[in-house]
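# Commentary on secondary and tertiary structure
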Amino acid sequence: MRNKKKSYLLGSVFATLALSVASCSTNVWVDELDFYGRFLRWQDKEGIITIDVQGKRGYEGKARIKIGNDVHNAYISICSSRGSYPSLVVVELDEEENQKIILLNKRRVRDNNGTYYSDRFEIYDDSGNEAIDGLPITLFSSPIPTDSLDARLMGLTTFINKEMGVNITPADAHQLQPYKWLLNYESFSDFSVTFGDDRTFFISGSVNSYGTYTPTREDIAFHFEHDEIFNLEGQSLTFTYDFN
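To start, this report covers the structure provided alongside it. (Residues numbered from 1 in each chain as written. Predicted model: local features only at pLDDT ≥ 70, side-chain atom pairs only at ≥ 80, totals over all residues. Heavy atoms only, no water.)

Okay, the side chain of D52 next. Its location among the elements puts D52 in strand β2 (residues 49-53). In this structure the side chain of D52 is engaged in a polar contact, spanning 2.7 Å, whose partner is the side chain of R41. Discounting chain neighbours no more than four positions away, the residues touching D52 are L40, R41, G61, K62 and I144. (Helix = DSSP H or I, 4+ residues; strand = E, 2+ residues; numbered from the N terminus. Polar contact = N/O pair within 3.5 Å; in protein donor to acceptor, adjacent residues only side chain to side chain. Contact = heavy atoms within 4.5 Å.)

Attention now goes to the environment of H226. Examined against the element boundaries, H226 turns out to sit in strand β15 (residues 219-227). The exposure class of H226 is partly exposed, given its relative accessible area of 23%. With 18 residues separating them along the chain, H226 and N208 place their C-alpha atoms 7.8 Å apart. What H226 contacts, discounting residues up to four positions off in sequence, is N208, S209, Y210 and E233. (Buried < 20%, exposed > 50% of the residue type's maximum accessible area, 1.4 Å probe, protein only.)

Quick look at the pairing of strand β6 (residues 100-110) now. Most of β6 sits out of view: 8 of its 11 residues are buried. In this structure, strand β5 (residues 87-93) lies alongside β6, joined through 7 bridges in antiparallel fashion. Paired with S87 across the strands is K106, a residue of β6. Where β6 and strand β7 (residues 116-124) come together, 5 bridges link them in antiparallel fashion. (Pairing = 2+ DSSP bridges.)

Read once around its circumference, the closed barrel built from 8 strands follows the order β1-β2-β3-β4-β5-β6-β7-β8, with strand pairing classed as antiparallel. Shown here is a sheet whose adjacent strand axes are inclined to one another by a mean of 30°, direction ignored. (Axes fitted to C-alpha atoms, helices over the stretch in contact; angles between N-to-C directions.)

What follows deals with the pattern of salt bridges. Counted by the stated rule, this structure contains 6 salt bridges. Ionic pairing is found between R41 and D52, a salt bridge with its closest N-O pair at 2.7 Å. Pair noted here: R41 is in strand β1 (residues 40-43) and D52 is in strand β2, with a separation of 11 residues, a long-range link. Classification of D52 by relative accessible area gives buried; the value is 8%. D119 is the salt-bridge partner of R120, the closest N and O atoms lying 2.9 Å from each other. (Salt bridge = Lys/Arg side-chain N within 4 Å of Asp/Glu carboxyl O.)

A few words on the nonpolar core. Ranked by size, the top nonpolar core spans 30 residues in total, and within it F159, L183, F195, I220, F222 and F230 carry the most contacts. Ignoring sequence-local partners within four residues, the contact set of F230 consists of M164, V166, L183, Y185, F224 and L237. If you look at the next biggest cluster of nonpolar residues, it comprises 26 residues, including I51, V91, I137 and L139. (Core = buried A, V, L, I, M, F, W, Y, C linked by side-chain atoms within 4.5 Å.)

In total, this model carries 23 aromatic pairs according to the counting rule given. Geometrically, the ring pair formed by Y185 and F188 is stacked, given 6.2 Å between the ring centres and 5° between the ring planes. In this pair, the class of Y185 matches that of F188, namely buried. Here the aromatic rings of F188 and F191 are separated by 5.0 Å at their centres, their planes lie at 90°, and the arrangement is edge-to-face. Owing to a relative accessible area of 15%, F188 belongs among the buried residues under this scheme. For F191, a relative accessible area of 6% translates into the label buried. Here the guanidinium or amino end of R38 rests over the ring plane of F243, the centre of that ring lying 4.1 Å away. Sitting over the face of the ring of Y117, R120 holds its NZ or CZ atom 3.6 Å from the ring centroid. (Phe/Tyr/Trp six-rings, centres within 6.5 Å; stacked < 30°, edge-to-face > 60°. Lys NZ or Arg CZ within 6 Å of the ring centre and 35° of its normal.)

Turning next to the side chain of N161. Its location among the elements puts N161 in strand β9 (residues 158-161). A polar atom in the side chain of N161 sits 3.3 Å from the backbone nitrogen of E163. Beyond its immediate sequence surroundings of up to four residues, N161 is in contact with V166, L237, T238 and F239.

Here the focus is the pairing of strand β13 (residues 200-204). Two faces belong to every sheet, and in a regular strand the side chains alternate between them. Side chains F201 and I203 project from β13 onto a buried face, and the interleaved T200, F202 and S204 project onto a face without burial. Sheet topology note: the β13/strand β14 (residues 209-215) ladder contains 4 bridges and is antiparallel. By the bridge assignment, F201 is partnered in β14 with G211. The turn joining β13 and β14, which pair antiparallel and follow one another in sequence, is formed by 4 residues.

Structure below.
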């Protein structure tokens, strides 16, 4: 067993560097956007790293990462490049006391015909820091089970109902912090939308609405238990996703 201190060797020393590379996702190649997709789960066979991609950006998402005997919540951003060329992977661990950053590398995996697999990539560390036991590892993609879809993880995603002219637009997406949205409907423009446990939602402003929601890969339905905005108490309203 490697010394656990090595797990955090990069630690807060790289906090400033991580901020400088946080915008690397703006340089992602179009084919990589298609490759990472949305509503995909990337996981290695040993369960060291699991990434759930549910938001606008297919190349970043909430994650779980095993370091030694501990499992941490994390946010992973993959700074992309074409083919097998290495690219940076920024792992931000969700720590209560101090921000901890681990910087790794990623590359696509070739098949026997010399082309690249569309359902896997490799994460490795060539810095000698040995940040995570078990590297290098290969992550494989599979659709996220429907019962694991979670609106709280759909960062930078807009929800639209064209028939009623309702938009729920992202207000911010601060990675490890809870995402927030704003409701735009007629005179209701300063209303915040939050999602809670057990697939609940709450719309707050001068009046309130709340209930539960049901997400799919195509849309999300709000089921109103109480509604002072649309007068849909006891009814549902379905929104499609807009990732533009």
